[in-house]
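Examination of the molecular architecture
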Amino acid sequence: MAQTIPFIDLKSQYRVLEHEIKARIDKVLEHGQYIMGPEVRELEEKLADYVGVKHCIAGSSGTDTLLIAMMALGIGQGDEVITTPFTFIATGEMIALLGATPVFVDIDPKTYNIDPSKIEAAITSKTKAIMPVSLYGQCADFDAINAIGEKHGLPVIEDGAQSFGATYKGRRSCSLSTIGSTSFFPSKPLGAYGDGGALFTDDDELAKNMREIRVHGQDRRYHHVCIGINGRLDTMQAAILLVKLEHFDWEVKQRQEIADRYSTVLAGIGSKITIPFVEKYNSSVFAQYTIQVEKRDKVQELLKKANIPTAVHYPVPLNRQPALACPDRFEHSECAAERVLSLPMHPYLDDVHMEQVVTSLLKAVNSVE
Ligand SMILES: *Cc1c(COP(=O)(O)O)cnc(C)c1O
């Protein structure tokens, strides 16, 4: 009887970290500073150091941090923000929540990230920022994007919700542009045991604004200098993340080795499966290990019957979501949405499980014709 394979295995991770995590949580329970306790500041310092920027501002989720970043940049009614349609809803949703319009630019079909050569044509007098996403754990092409931003006086926000720990030309994700934003949703590469996120910047003024916006726009207790939100990370989540950060380099290495093993096997079996493409100058953290196949829905169905969990990130591009609908169509995003399939990926995926995934995948792909 085949074992059940988890898509993301948080239980195995917990078994390894259990004692450290319980000790850290106990400390929080003892001091009782559940909101903005000392662990939050400690985490911010360690994260800023890890990423290689001056400021880190921890937040309540990777959605809220995108919102805070755009609020700090003064984005609002009537403005436009350029982004990719091939992403999780939050990216476009937070632009629209502020009354601004997400202006979509198609992806590079090889990396799934925004195609920098198409950005300039989308800039208008209303454009206020460019917000690329570093999808599946691989950074977008920030040198090219930043050059466009500089030329037009536009800040660049990296939605690095999936790419924390990745590098681009030797620099870390979230240090690559005006502001970097990430998520600590449990299934992300660095995940908490609840919601969480963080913002990164070298800009002192923006850091100060984002800190204020995170706590109701206050600069000191009960003095409110601007409109903000309740966007804080809990102390408990910070304590958990402090433990996970200690083990993060090892986990990233595991993810990369597992991705390499998948790719070696899958590349050897012909043209029916497109494996992930990582630019030479990038290292991906493989938040997802995402392939492309023909008749994706059928392949996924067959894998489900074989007890192999898979996911589709994402079946519908944002431009075709009812909440954000726009009349434009984006060829490469549409094509990817029909073909992508994410396989089980986590640092504890062993050879036995990988073998089961690969064998079932091959069987499924060969039987859908
Ligand atoms: C997960 C994710 C978000 C949102 O993060 P939350 O912490 O779940 O709010 C935003 N953008 C992308 C690309 C994501 O993958």
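Summary of the structure given here.

What counts and how
Residues numbered from 1 in each chain as written. Predicted model: local features only at pLDDT ≥ 70, side-chain atom pairs only at ≥ 80, totals over all residues. Heavy atoms only, no water. Helix = DSSP H or I, 4+ residues; strand = E, 2+ residues; numbered from the N terminus. Buried < 20%, exposed > 50% of the residue type's maximum accessible area, 1.4 Å probe, protein only. Contact = heavy atoms within 4.5 Å. Areas by Shrake-Rupley, 256 points an atom, 1.4 Å probe, with all protein chains shown as cover. Lys, Arg positive; Asp, Glu negative; His and termini not counted. Charge placed at Lys NZ, Arg CZ, Asp CG, Glu CD. Expected span 1.5 Å × (residues − 1). Polar contact = N/O pair within 3.5 Å; in protein donor to acceptor, adjacent residues only side chain to side chain. Pairing = 2+ DSSP bridges. Near = heavy atom within 4 Å. Axes fitted to C-alpha atoms, helices over the stretch in contact; angles between N-to-C directions. Core = buried A, V, L, I, M, F, W, Y, C linked by side-chain atoms within 4.5 Å. Domains from an automatic or database assignment. Parallel < 35°, antiparallel > 145°, perpendicular 65-115°, else oblique. Nonpolar A, V, L, I, M, F, W, Y, C, P; charged D, E, K, R; others polar. Phe/Tyr/Trp six-rings, centres within 6.5 Å; stacked < 30°, edge-to-face > 60°. Lys NZ or Arg CZ within 6 Å of the ring centre and 35° of its normal.

**A short note on the overall build of the chain**
Scanning the chain from N- to C-terminus turns up 11 helices and 15 strands. Projecting the C-alpha coordinates of the chain onto the three principal axes gives extents of approximately 65 × 55 × 35 Å. Out of the 369 residues in the chain, the part that is buried amounts to 56%. Residue pairs in contact within the chain that sit at least 24 positions apart in sequence constitute 70% of those at least 6 positions apart. Total accessible area on the chain stands at roughly 16,000 Å², and carbon and sulfur atoms take up 52% of it. Separation between the mean location of the 38 positive side-chain charges and that of the 48 negative ones in the chain comes to 3 Å.

**A word on helix α11 (residues 351-367)**
Counted at 1.5 Å a residue, the expected span for α11 with its 17 residues is 24 Å, and the 24 Å between its end C-alpha atoms agrees. Buried within α11 are the following residues: H353, M354, Q356, V357, V358, S360, L361, A364 and V365. On its buried face, α11 is in contact with α8 (248-267), β12 (273-274), β14 (289-293), α9 (296-305) and β15 (340-343). Regarding α11, its N-cap is D350, as a side-chain oxygen of that residue lies 3.3 Å from the backbone nitrogen of V352 further along.

**Section: the pairing of β15**
With burial as the criterion, each face of β15 is covered, one bearing V340 and S342 and the other bearing L341 and L343. Pairing analysis gives four bridges linking β14 to β15, with the strands arranged antiparallel. Bridge assignment links T290 to a residue of β15, and that residue is S342.

**Quick look at the site of the ligand**
Looking at the ligand, there are 16 residues lining it, with G62, T63, D159, S183 and K188 nearest. D159 has a polar side-chain atom sitting 2.8 Å from a nitrogen atom of the ligand. In this structure, S183 approaches the ligand through a side-chain N or O atom, which is 2.7 Å from an oxygen atom. In isolation the ligand has 380 Å² of accessible area, and contact with the protein removes 93% of it.

**Section: the environment of C335**
Considering the arrangement of structural elements, one finds C335 in helix α10 (residues 331-339). Here the alpha-carbon distance between C335 and D9, two residues 326 residues apart in the chain, equals 30 Å.

**Side note on the sheet that holds strand β2 (residues 80-83)**
In space, the three strands of this open sheet follow the order β3-β2-β4, with parallel pairing throughout. Edge positions in the open sheet fall to β3 (101-104) and β4 (127-131), since each of these has one partner strand only. Direction aside, the axes of adjacent strands within the sheet are offset by 30 degrees on average. Pairing of β2 with β3, which is carried by four bridges, proceeds in the parallel orientation. Within β3, the position partnered with T83 by the bridge is F104.

**Observations regarding the nonpolar core**
One finds L47, I82, I119, I130, F164, L190 and F200 to be the most contacted residues of the largest nonpolar core, which totals 42 residues. Listed by contribution, the elements that provide at least two residues to this core are α2 (38-51), β1 (55-59), α5 (142-152), β9 (197-201), α7 (235-246) and α8. The element best represented in this core is α2, accounting for six residues. Viewed by domain, this core spans two of them, domain 1 (10-246) and domain 2 (248-367), each represented by three or more residues. The contacts of F200, once residues within four sequence positions are left out, are L47, A48, V51, V53, H55, C56, F164, C174, T178, I179, G180 and T182. Residues Y112, Y136, A259 and L303 belong to the second largest nonpolar core, which totals 35 residues.

**A few points about the packing of helix α1 (residues 10-31) against α2**
Where α1 contacts α2, the two axes come as close as 10 Å, and the packing angle between them is 135 degrees. Regarding the angle of α1 to α2, the classification is oblique. On α2, the residues that touch R24, K27, V28 and H31 of α1 are P38, E39 and E42. For the contact of α1 with α2, the residue count by class is two nonpolar, one polar and four charged.

**Some remarks on the packing of aromatic side chains**
Under the criterion given, the structure shown has 15 aromatic pairs. Centre to centre, the rings of Y50 and F164 are 5.3 Å apart; their planes meet at 25 degrees, and the pair counts as stacked. With a gap of 114 residues between them, Y50 in helix α2 and F164 in the loop between β5 (157-159) and β6 (167-168) connect regions that are remote in the sequence. Relative accessible area serves as the criterion here: at 15%, Y50 is assigned to the buried category. Ring centres 5.7 Å apart and planes at 40 degrees place the aromatic pair F164 and F248 in the tilted group. Placement of the pair is F164 in the loop between β5 and β6 and F248 in helix α8, with a sequence separation of 84 residues. For the pair formed by F164 and F248, the shared burial category is buried. Through a chain of ring-to-ring contacts, the aromatic side chains of Y50, F164, F184, F200 and F248 assemble into a single cluster. The ring of Y281 carries K169 above its face, with NZ or CZ at 4.9 Å from the centroid. It is R172 that lies over the ring of Y50; its NZ or CZ is 3.9 Å from the centre.

Worth remembering: the numbers are spatial, not functional.
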